[in-house]
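Structural overview for review
In case you want the letters, here they are:
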Amino acid sequence: MLASPAALASPSPLMPAAPVHSDILAITAAGPEAELLGLRLAADSGNAEAQIRLGYRHEAGDGVDRDLVDAVTWYRRAAEQGSARGQAYLGDMYRDGAGVAQDDAEAVRWYRLSAAQGYDRGQTYLGYMYQDGRGIERSEAEAVRLYRLAAEQGYVPAQNSLGYMAENGRGGALDYAAAAYWYGRAAGSGSAVGRRLLGNLYQSGRGVRQDDAEAVRLYRLAADQGDAEARTNLGWMYEVGRGVAEDEAEAARHYRLAADQDLARAQTNLAFLYAGGHGVARDDAEAVRWYRRAAAQGYARAEAELGSMYDYGRGVAENDAKAMRWYHLAAKQGYAEAQNAIGILYDVGKGVARDDAEAVRWYRLAADEGYAHAQSNLAWMYECGRGVAQDLAEAARLYRLAADQGIARARANLGDLYRDGRGIPQDDREAIRWYRLAAEQGYARAEANLAWMHERGRGVPEDDAEAARWYRRSGERGYAYSQLSLGRMYEEGRGTAQNDVKALRLYRLAADQGDAEAAFHLGSHFKTGRGVAQDDAEALRWFRIAAAKGNPEAQGELGIAYETGRGVARDETEAVIWFARSLAEADDVPQYAAALLGARSPTAKVAAALRLLATLGYASEGAAEAFRRAEGLPASDGVDDVLLIALARKARQAGPAS
């Protein structure tokens, strides 16, 4: 949030301070009209100081109509007399194209004449031209030499510029101590810029001892002088509680002062507070307003945040096209968060056609910038082989980059790769290390995985109590798998006291999130009356929910219910269908299902086959044989269990409409 200070090499044009000279003191004390007349007389008589003063009056429109051409005329007369100040001011006019055709080379000529006389301002502005390569071959080393000449005379802008060059290793070696020295000299002269930049060094501990309190003191001094960047920095210190007690309302106040000065960074920070309701009442519309003002200045972070507001419909109507437009504007500036956001839109197909390859391209751009979330997202694409050839080793490398930056999801996924030995050597202890790091960040899936490792003794001694502890932490965050797992531990009395009521509550929490196994367990509790009043109808309701999600045990229980007529009208044909569906599931097939299906009557099996064939569109005579041929099943004269299971599997694949 605290960006590097804006380059000082190309400052906004500075209006020259009105010169004071003993020869014209009497003129300036004579009153406005007499002063102007006196200045004209003195200037016409060749007094360079009067000429400069008169040029300034015309440039500023002070007591006369603003006339840049006349300003140039008076500056030129002083400059041609050899006035170093006049030469510097005339250089400004050529540099800016004010009252004269813009001409960097001519600006350099006049600055050079001024600098040759040792005039600090002329030296400094000639340094700016060397640094930017304007009107002369670029040379940062020469710029530094000129800044030093002016800085040693006590010229504050040169001191700040020299500090900036040292801080950034421009024109010489990187030297934070030198930067602190020159910023300190400028700050000691009351320079708001010097105070702010010295504050930055104290905040980061570069060139000086790290001292947030001293940074705050310097920021406050500069802020009180109206420096917008310092106000923003001070606001950030209040926002995060560095060097001062955390106070988001005070942060908002400082941001607003700087935002009203049209500083884009402050506007963006203020918008962020409104979006989150930090220090101000949450107001998405107000957040959008400030983001928009900053984005209008081309501030990349604001463009990206405005895109996010359109993406999620916060403060504005959701609009995927506008979200993409703002993301693209920020992405063009290399803003990694926006590049990652575009990748996500292509990844999920939001507002654009889903395109894994395009998602990978945008994730890679952001990942190459070091953006951790993009590294994690790109790793996932490599792990799954989406938009790129599957490469588990590359996935592991990218996850590690993101994990080292503290991304919990990347840490958990890296743990998975170590646990399963995919792309990297199998190592349960290393998996535990990454799971623990992510779990300590409150990442629910990592907590669940850590519990699973403790429950099974993978990488750590088997410990049901520790497993229960981690499942509990994860479950309290709403993670359904952990709620289910902890429910099983309560039901079985493992790692915790046996408690059917608590198990039932946890199963319900997980089932309400769509967990099929939890719904099956709920059905089992209602069927047997464990922890709840026995209720066949409620049991069947939960079995149906679980069965619809493909839970084979629940499908088997429905078969038993139809076979026995418990809680539902007895229907052997329907029982056959549910037993067949249970066996059609590839995983966790109930052991009893095959026996129960095999024991059903041939009549019920034929009826079940016909019913399933009809749902699949096989309604003509010889439908069973047609289905066998279509599915490559061996020919048979009758309905056997193989046919029934194949029909059930096909019906499952066809979906609910079948």
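The paragraphs below set out a description of the structure included in this document. (Residues numbered from 1 in each chain as written. Predicted model: local features only at pLDDT ≥ 70, side-chain atom pairs only at ≥ 80, totals over all residues. Heavy atoms only, no water.)

Take the side chain of His454 next. By the element assignment, His454 lies in helix α25 (residues 444-456). His454 has contacts with Arg436, Val460, Pro461, Glu462, Asp463, Glu466, Ala467 and Trp470, leaving out every residue within four places of it along the chain. (Helix = DSSP H or I, 4+ residues; strand = E, 2+ residues; numbered from the N terminus. Contact = heavy atoms within 4.5 Å.)

With that out of the way, let us pick up the nonpolar core. Residues Tyr75, Leu414 and Leu647 are the most contacted members of the largest nonpolar core, which totals 198 residues. For this core, the leading source of residues is helix α32 (residues 572-584), giving eight residues. (Core = buried A, V, L, I, M, F, W, Y, C linked by side-chain atoms within 4.5 Å. Buried < 20%, exposed > 50% of the residue type's maximum accessible area, 1.4 Å probe, protein only.)

One pass over the structure, following the stated rule, counts 57 salt bridges. Ionic pairing is found between Glu394 and Arg397, a salt bridge with its closest N-O pair at 2.7 Å. Linking Glu394 with Arg397, this pair stays in helix α22 (residues 392-404), spanning three residues, or about one helical turn. Three or more residues are tied together by salt bridges with common partners; here these are Glu455, Arg456, Asp464, Arg488, Glu492 and Arg494. (Salt bridge = Lys/Arg side-chain N within 4 Å of Asp/Glu carboxyl O.)

Counted at 1.5 Å a residue, the expected span for helix α4 (residues 68-80) with its 13 residues is 18 Å, and the 18 Å between its end C-alpha atoms agrees. Among all positions in α4, only Ala71, Val72, Trp74, Tyr75, Ala78 and Ala79 are buried. Looking at where α4 begins, the residue whose side-chain oxygen comes 3.1 Å from the main-chain nitrogen of Val69 is Asp67. (Expected span 1.5 Å × (residues − 1). Polar contact = N/O pair within 3.5 Å; in protein donor to acceptor, adjacent residues only side chain to side chain.)

Our next topic: the packing of aromatic side chains. Here the distance between the centres and the angle between the planes together describe a pair of aromatic rings. Throughout the structure, instances matching the rule amount to eight aromatic pairs. Between the aromatic rings of Phe520 and Phe543, the centroid separation amounts to 5.9 Å while the plane-to-plane angle is 35°, which identifies the pairing as tilted. Of this pair, Phe520 sits in helix α29 (residues 516-528) while Phe543 sits in helix α30 (residues 536-548), placing them 23 residues apart in sequence. Take Phe520 and Phe543: they sit in the same class, and that class is buried. One aromatic cluster in this structure is built from Tyr111, Tyr125, Tyr128 and Tyr147. Lying across the ring of Tyr125, Arg121 places its NZ or CZ 4.3 Å from the centre. Just above the ring of Trp578 sits the side chain of Arg581; from NZ or CZ to the centre is 4.7 Å. (Phe/Tyr/Trp six-rings, centres within 6.5 Å; stacked < 30°, edge-to-face > 60°. Lys NZ or Arg CZ within 6 Å of the ring centre and 35° of its normal.)

Within the element layout of this structure, Glu214 appears in helix α12 (residues 212-224). Of the residues examined, Glu214 reaches a relative accessible area of 18% and is grouped as buried.

With that settled, the discussion passes to the environment of Met93. Its location among the elements puts Met93 in helix α5 (residues 84-96). We classify Met93 as buried; its relative accessible area is 2%. Separated by 29 residues in sequence, Met93 and Val64 have C-alpha atoms that sit 19 Å apart. In this structure, Met93 is in contact with Glu59, Leu68, Ala71, Val72, Tyr75, Ala98 and Val100, ignoring residues within four places of it in sequence.

Mapped onto the secondary structure, Asp67 falls in the loop between α3 (48-60) and α4. Taking the C-alpha atoms as reference, Asp67 lies 8.9 Å from Arg57; in sequence the two are ten residues apart. A polar side-chain atom of Asp67 sits 3.1 Å from the main-chain amide nitrogen of Val69.

A positive phi angle is found at Asp262, which is not glycine, with a value near 70°. The topology assignment puts Asp262 in the loop between α14 (248-259) and α15 (264-276).

Okay, the packing of helix α11 (residues 192-204) against helix α13 (residues 228-240) next. Running from N to C, α11 and α13 point in directions that differ by 30°, and their axes come no closer than 10 Å. If you check the angle between α11 and α13, you find them roughly parallel. The way α11 lies across α13 gives a crossing that is left-handed. Judged by residue contacts, Arg196, Asn200 and Gln203 of α11 engage Glu229, Ala230, Asn233, Trp236 and Met237 from α13. Per-class residue counts for the contact of α11 with α13 are three nonpolar, three polar and two charged. (Axes fitted to C-alpha atoms, helices over the stretch in contact; angles between N-to-C directions. Parallel < 35°, antiparallel > 145°, perpendicular 65-115°, else oblique. Left-handed = near helix turned anticlockwise from the far one by under 90°. Nonpolar A, V, L, I, M, F, W, Y, C, P; charged D, E, K, R; others polar.)

Let us now look at the environment of Arg301. Its location among the elements puts Arg301 in helix α17 (residues 300-312). Look at Arg301 and you get buried, because its relative accessible area is 16%. Between the alpha carbons of Arg301 and Tyr327 there is a distance of 9.5 Å; along the sequence they are 26 residues apart. A distance of 2.7 Å separates polar atoms of two side chains, one belonging to Arg301 and the other to Asn269.

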